[in-house]
Amino acid sequence: MPDYATYKSIFAGIPMPYAFIDLDMLDRNIRDIAKAAGNKKIRIASKSIRSVDVLRRIMRSDDVYEGVMCYTAKEAAFLAHEGFQDLLLGYPTWDAQGVLPLIDLIGEGHVITFMVDSIAHVEQLERLAKRRGVRVPVCLDIDMSANYPGLRFGVWRSPLDGWDSVRPVAERIQASPWVRLDGIMGYEAQIAGVGDRVPGQALKNAIVRYLKRRSVKDVASRREEVVSRLRELGLPLRFVNAGGTGSLASSRTEKAVTEMTAGSGFYSPLLFDNYRSFRYMPAAGFAVEIVRKPRRDIVTCLGGGYTASGAADGTKLPRPYLPAGLSLFPLEGAGEVQTPLLIGKKAEMPDLNIGDPVFFRHAKAGELCERFNCLYAISDGSIVGEYATYRGVGENFL
Ligand SMILES: Cc1ncc(COP(=O)(O)O)c(C=O)c1O
């Protein structure tokens, strides 16, 4: 593991704030995720990467990595032009200005699959596909949330939660000359996206683990049923996509699943420290500069408030990482322009002076890249390159 002095000397002279990717750790995460895939393929969730250079590095590393789960139509077109193949839109997309260029790319031979969860989605794609005279592949998003009396364990996305609701949409696709069923996707967010080893929450962790165990079985049987009913209907599938970084261990045990999605595990941000079944390396981070010292045991940095999306609680804040032993003030958090940090009483705490960096980790993965034009790529103790982020090449998709 790196230490403060090493990171400080590697980046000496780089103006703060800056973001970085530790390639040695990234490569280890790439290998560990490939191993965790078992005999399934991994589709990379680009929302959790947001850098073409990083996407390429992962894609070229191992045959297990096949295809990208994109997050907007414009992003999918961008990645197609960058040479990425087998693009799955992870979410429904409606706007004709986004969809039509993708239909044109499909017409030219690109493999791009749209996500649908309703007849309305199918009919919109059908109208646009007919306009271009191209038949378009679609993927059905199957809801994998668990419903217990008084408790929804999961997310609100697709209304298709079982064969009864899937069937009419599948039949509508089957009846259409302009769309065809390519695959199904089910994201078990309650397993993949919920930590079950959160420090200081023993009881909650125990409940989450119990709910996860129950829901693993339910998810598998729901997916299996949809796959076999679609087959009976005469609709074979090119892929059955499941999960995310946090569910690789359970999703890979399902026979029906052909591929799993993973993105966050490559950078392994703060929220992915809290899982019992895996621990990846903290490969990405950012540095801000200490600009004042309001008290002997406090340093205040310029910037730092790169808060992650989601329910706005303390878990979405970035946190100081190196040197170890610094903490945010609960009433200030990570600020727009100023972030004060309390210096803990660790024996190995270095002297921190004005002008020194503090290294932070983001709570989530790809969102970090919306704040910086590049990630300084480091390996073996020195900077070896600059990996452009989407923002760095002038792109911003959401
Ligand atoms: C549809 C879908 N699949 C998979 C994932 C998992 O991505 P990650 O591995 O980055 O957690 C997500 C994350 O939100 C998602 O929305």
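Residues numbered from 1 in each chain as written. Predicted model: local features only at pLDDT ≥ 70, side-chain atom pairs only at ≥ 80, totals over all residues. Heavy atoms only, no water.

Draft legend 1. Spotlight on the overall build of the chain. Helices and strands together make up the secondary structure of the chain, namely 11 helices and 19 strands. Here the chain has a C-alpha radius of gyration of 22 Å; the compact-globule value for 398 residues is 21 Å, and the two agree. With the C-alpha coordinates of the chain rotated into their principal frame, the extents come out at 70 × 45 × 35 Å. Put simply, the chain has 398 residues, and 55% of those count as buried. Of the contacts made within the chain by residues no fewer than 6 positions apart, 70% connect residues no fewer than 24 positions apart. Here the chain contributes 51 positively and 46 negatively charged side chains, and the mean placements of these two sets differ by 4 Å. (Helix = DSSP H or I, 4+ residues; strand = E, 2+ residues; numbered from the N terminus. Rg over C-alpha atoms; globule rule 2.2 N^0.38 Å. Buried < 20%, exposed > 50% of the residue type's maximum accessible area, 1.4 Å probe, protein only. Contact = heavy atoms within 4.5 Å. Lys, Arg positive; Asp, Glu negative; His and termini not counted. Charge placed at Lys NZ, Arg CZ, Asp CG, Glu CD.)

Draft legend 2. Looking closely at the site of the ligand. Close contacts around the ligand come from 15 residues, with S48, Y91, R157, T245 and S264 the closest. For the ligand, an oxygen atom lies 2.6 Å from a polar atom in the side chain of Y91. T245 has a polar side-chain atom sitting 2.6 Å from an oxygen atom of the ligand. Considered on its own, the ligand offers 400 Å² of accessible surface; in the complex 94% of this is hidden by protein. (Near = heavy atom within 4 Å. Polar contact = N/O pair within 3.5 Å; in protein donor to acceptor, adjacent residues only side chain to side chain. Areas by Shrake-Rupley, 256 points an atom, 1.4 Å probe, with all protein chains shown as cover.)

Draft legend 3. Geometry of the environment of I14. Take I14: it is sitting in the loop between α1 (4–10) and β1 (18–22). Those residues within four positions of I14 in sequence are excluded, and the remaining contacts are Y376 and I383.

Draft legend 4. Quick peek at the pattern of salt bridges. One pass over the full model with this rule turns up 28 salt bridges. When the shortest N-O distance is used, the salt bridge between K41 and E66 registers 3.6 Å. Residue K41 is located in strand β2 (residues 41–45), and its partner E66 is located in strand β3 (residues 65–70); the two are separated by 25 residues in the primary sequence. Residue K41 is classed as partly exposed on the basis of its relative accessible area of 29%. The class of E66 is partly exposed, set by a relative accessible area of 38%. Of the charged contacts, one joins D86 and R238 as a salt bridge, the two residues approaching to 3.3 Å between their closest N and O atoms. Here D86, found in the loop between α4 (73–81) and β4 (87–89), pairs with R238, found in the loop between α9 (202–232) and β10 (239–242); they are 152 residues apart in sequence, far enough to count as distant. In the salt-bridge network here, residues are joined through shared partners; they are R43, D86, R180, D182, R238 and E259. (Salt bridge = Lys/Arg side-chain N within 4 Å of Asp/Glu carboxyl O.)

Draft legend 5. Fine view of the environment of L140. Tracing the backbone through its elements, the reader meets L140 in strand β6 (residues 136–141). When its relative accessible area of 0% is taken as the criterion, L140 is described as buried. Sequence-wise, L140 and D117 are 23 residues apart; in three dimensions their C-alpha atoms are separated by 5.7 Å. With near-sequence residues (within four places) excluded, L140 lies in contact with M115, V116, L160, V166, V169, A170, I173, L181, G183, I184 and M185.

Draft legend 6. Focus on the domain arrangement of the chain. Looking at the chain, the domain boundaries give domain 1 (23–268) and domain 2 (284–393). Taken over C-alpha atoms, the centre of domain 1 sits 32 Å from the centre of domain 2. Every contact between the two is made by 21 residues of domain 1 and, on the other side, 20 residues of domain 2. Taken together, the two surfaces of domain 1 and domain 2 that pack against each other cover about 1500 Å², and 57% of this comes from carbon and sulfur. In this structure, the connection of domain 1 to domain 2 is made through one salt bridge. On the surface where domain 1 and domain 2 come into contact, there are 11 residue pairs in polar contact (both at pLDDT 80 or more). Those elements that provide at least two residues to the side of domain 1 that touches domain 2 are α2 (23–36), α3 (52–61), α4 and α11 (264–267). The biggest single contributor to the side of domain 1 that touches domain 2 is α3, with five residues. Of the residues contributing to the side of domain 1 that touches domain 2, the split by class is 10 nonpolar, five polar and six charged. (Domains from an automatic or database assignment. Buried area = accessible area lost by both parts, 1.4 Å probe. Nonpolar A, V, L, I, M, F, W, Y, C, P; charged D, E, K, R; others polar.)

Draft legend 7. Representation of the side chain of R222. Inspection of the secondary structure assignment puts R222 in helix α9. Residue R222 is classed as buried on the basis of its relative accessible area of 12%. Within polar-contact distance, the side chain of R222 engages the backbone oxygen of S145 at 2.6 Å. The residues contacting R222, other than those within four sequence positions of it, are D143, M144, S145, A146 and D161.

Draft legend 8. Looking closely at the packing of aromatic side chains. As enumerated under the stated definition, the model contains 21 aromatic pairs in all. With a centroid separation of 5.9 Å and an interplanar angle of 70 degrees, the aromatic rings of Y4 and F359 are classed as edge-to-face. Of this pair, Y4 sits in helix α1 while F359 sits in strand β17 (residues 357–361); the two residues are 355 residues apart in sequence, bridging distant segments of the chain. For F359, a relative accessible area of 0% puts it in the buried group. Their ring planes at 15 degrees and their centres at 5.4 Å tell us that F272 and Y275 sit as a pair that is stacked. On the basis of relative accessibility, which here comes to 11%, the residue F272 falls in the buried class. Given the relative accessible area of 2%, Y275 is considered buried. Aromatic rings pair up to connect Y4, Y7, F11, Y18, F20, F359 and Y376 into one cluster. (Phe/Tyr/Trp six-rings, centres within 6.5 Å; stacked < 30°, edge-to-face > 60°.)

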